[in-house]
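Residues per chain are reported as follows:
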Amino acid sequence: MIGSLALVLAAPLAAALAAPAYAGDAVAILGRPVAVSARLDRAPGAPPHFYPFTITVAHEQQAYSYRTALVAVDDAAAAIAILRRTIGWRGGYLFARRECGGGNAWRCDVDLVFALRGGRLERIGEQIGGTRSQAPGAAYRNGHFVDVYDRLEINDLTSHAGAPWFRIYLVDRNGELAVDLPYTWRMDARRFAENRREIVRVERDPKLDPRARNESLASLLLHNAALARYCRQAGPLEATDSDAKRLLAPVAYASFQRIVASVEPGQLPRPQTP
């Protein structure tokens, strides 16, 4: 199982589920068939509008707990309302939102994915989280879980803003999320083609500052090469590498090759939860 889910004996939940929303008590988020409760961990003197919780997902004698941190929230009641709006069932899966407490990381917020199989609670994996206004599992569509490839979010060729990212599409394979590479390529091929056209435009634009041109080309080339390698598309990868060798300075091209070589086809994003 992803993250080698540790299932532990659940503490009695009956009294805790109806408790009020203040530190140390548990509040019911969901009931049957899987109980989800939230315990506010906010201590006296904590920053205003910041509400960290321990969320427990439980079924019979099994339970899984994780931390979530909500920011820009007026009070505890509003925080609980957000949890109830973003944790729930869709398509036979339970999606439990985990917020990171703010930041510009691409996968700052994720949805943990659970299912009941043979009477047992299973953690299937995680996908990128939606907004607070969206229903639980907003990124689950037509049998595919949607996430973002973030392994190159920090790299030594581009800025954070120019780092390559692309959507990946996953399916449930025997209780674990796995990338559907043909579908991922089909869904992202249009952006690959758009980037190819943009590379030509940037290369030929005489008005661009040389530094801006180099940064744009590095970003576009690295995105296309990473996507093609990730999806095992040899022809597009070779074409992109040829363009990079021609358009990038030798030092930048060496860095480009090293980064692209680090991409593992079908690798999942960095897990946000233990």
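Our structure is the block above this text.
Criteria and cut-off values
Residues numbered from 1 in each chain as written. Predicted model: local features only at pLDDT ≥ 70, side-chain atom pairs only at ≥ 80, totals over all residues. Heavy atoms only, no water. Helix = DSSP H or I, 4+ residues; strand = E, 2+ residues; numbered from the N terminus. Contact = heavy atoms within 4.5 Å. Expected span 1.5 Å × (residues − 1). Buried < 20%, exposed > 50% of the residue type's maximum accessible area, 1.4 Å probe, protein only. Arc of directions from axis to C-beta. Pairing = 2+ DSSP bridges. Disulfide = S-S within 2.5 Å. Core = buried A, V, L, I, M, F, W, Y, C linked by side-chain atoms within 4.5 Å. Axes fitted to C-alpha atoms, helices over the stretch in contact; angles between N-to-C directions. Parallel < 35°, antiparallel > 145°, perpendicular 65-115°, else oblique. Left-handed = near helix turned anticlockwise from the far one by under 90°. Nonpolar A, V, L, I, M, F, W, Y, C, P; charged D, E, K, R; others polar. Salt bridge = Lys/Arg side-chain N within 4 Å of Asp/Glu carboxyl O. Polar contact = N/O pair within 3.5 Å; in protein donor to acceptor, adjacent residues only side chain to side chain.

A.B. asks: Kindly report on the side chain of threonine 240, identifying the contributing residues and their values.
C.D. replies: With respect to the element layout, threonine 240 can be found in helix α4 (residues 234-247). When sequence neighbours within four positions are dropped, the list of residues in contact with threonine 240 reads Phe192, Arg196, Leu221, Asn224, Ala225 and Phe256.

A.B. asks: Go over α4, please, and point to the residues and values.
C.D. replies: It helps to recall that an α-helix has 3.6 residues per turn; residues three or four apart then point in one direction. An ideal rise of 1.5 Å per residue puts 20 Å on 14 residues; α4 measures up with 20 Å between its terminal C-alpha atoms. Turning to α4, its buried residues number three or more, namely Thr240, Asp243, Ala244 and Leu247. Viewed end-on, α4 has its buried residues packed into an arc of 100 degrees, placing them on one side of the element. Of the exposed residues in α4, those oriented more than 90 degrees away from the buried face are Glu238 and Lys245. Considering only its buried residues, α4 is in contact with α2 (181-204), α3 (210-230) and α5 (250-261).

A.B. asks: Just give me the short version of the pairing of strand β10 (residues 144-148), but keep the residues and values in it.
C.D. replies: With five of five residues buried, β10 lies mostly within the body of the structure. Side-chain alternation along β10 places His144, Val146 and Val148 on one buried face and Phe145 and Asp147 on a second face that is also buried. Looking at chain direction, strand β9 (residues 140-141) and β10 are connected through two bridges and run antiparallel. Following the sheet pairing, tyrosine 140 is matched in β10 by phenylalanine 145. With antiparallel pairing between neighbouring strands as the criterion, β9 and β10 make up a hairpin whose turn holds two residues, including asparagine 142 at a positive phi of roughly 50 degrees.

A.B. asks: Give a description of the state of the cysteines that names residues and reports values.
C.D. replies: If you walk through the whole model with that rule in mind, you get one disulfide. One disulfide in the model links cysteine 100 with cysteine 108; its S-S distance is 1.5 Å. A relative accessible area of 9% means that cysteine 108 is categorised as buried.

A.B. asks: So what about the nonpolar core? Which residues, and what values?
C.D. replies: Tyr93, Phe145, Leu221, Tyr230, Leu248 and Phe256 are the most contacted members of the largest nonpolar core, which totals 40 residues. Contributing elements (two or more residues each) for this core: β6 (93-98), β7 (110-117), β11 (167-173), β12 (176-179), α2, α3, α4 and α5. The biggest single contributor to this core is α3, with 10 residues. With residues up to four places along the chain from it excluded, the contact list for tyrosine 230 reads Tyr149, Phe166, Ile168, Val179, Leu181, Val263, Glu264, Pro265, Gly266 and Gln267.

A.B. asks: Requested: an account of the sheet that holds β12, with residues and values cited.
C.D. replies: As summarised here, the arrangement of the four strands in space is β9-β10-β11-β12, forming an open sheet in which the pairing is antiparallel. Among the strands making up the open sheet, the edge pair consists of β9 and β12. With respect to the sheet, α2 is in contact with β10, β11 and β12, its orientation differing from that of β11 by roughly 155 degrees.

A.B. asks: Can you explain the packing of α2 against α3? Please cite residues and give values.
C.D. replies: Two numbers describe how α2 lies on α3: the axes approach to 9 Å, and their chain directions differ by 155 degrees. It follows from the interaxial angle that α2 and α3 lie roughly antiparallel. In this structure, the crossing between α2 and α3 has a hand that is left-handed. Between α2 and α3, the contacting residues are Leu181, Trp185, Asp188, Arg191, Phe192, Asn195, Arg196, Glu198, Ile199, Val202 and Glu203 on the first element and Arg213, Ser216, Leu217, Leu220, Leu221, His223, Asn224, Leu227, Ala228 and Tyr230 on the second. Classifying every residue of the contact of α2 with α3 gives 11 nonpolar, four polar and six charged.

A.B. asks: Could you give an account of the pattern of salt bridges, with specific residues and numbers?
C.D. replies: Close approach of charged atoms allows side chains of opposite charge to pair. Across all of its chains, the model carries 16 salt bridges by this definition. Each of Arg107, Arg123, Glu126 and Asp147 takes part in salt bridges that share partners, so that together they form one network.

A.B. asks: Any chance you could break down helix α1 (residues 76-86) for me, citing the residues and the numbers?
C.D. replies: Looking only at α1, the buried set comprises Ala76, Ala79, Ile80, Ile82, Leu83 and Thr86. Along the axis of α1, the buried residues cluster in a sector spanning 155 degrees; they form a single face. On its buried face, α1 sits against β1 (26-30), β2 (35-40), β3 (50-59), β4 (62-71), β5 (88-90) and β6. Capping of α1 at its N-terminal end is provided by aspartate 75; its side-chain oxygen lies 3.3 Å from the backbone amide nitrogen of alanine 77.

A.B. asks: I'd like a description of unusual backbone geometry, backed by residues and values.
C.D. replies: The omega torsion of the bond from arginine 32 to proline 33 falls at 0 degrees, within 30 degrees of zero and hence cis. You can see proline 33 is positioned in the loop between β1 and β2. Not every positive phi belongs to a glycine, and alanine 72 is a case in point at roughly 60 degrees. Among the structural elements, alanine 72 can be located in the loop between β4 and α1.

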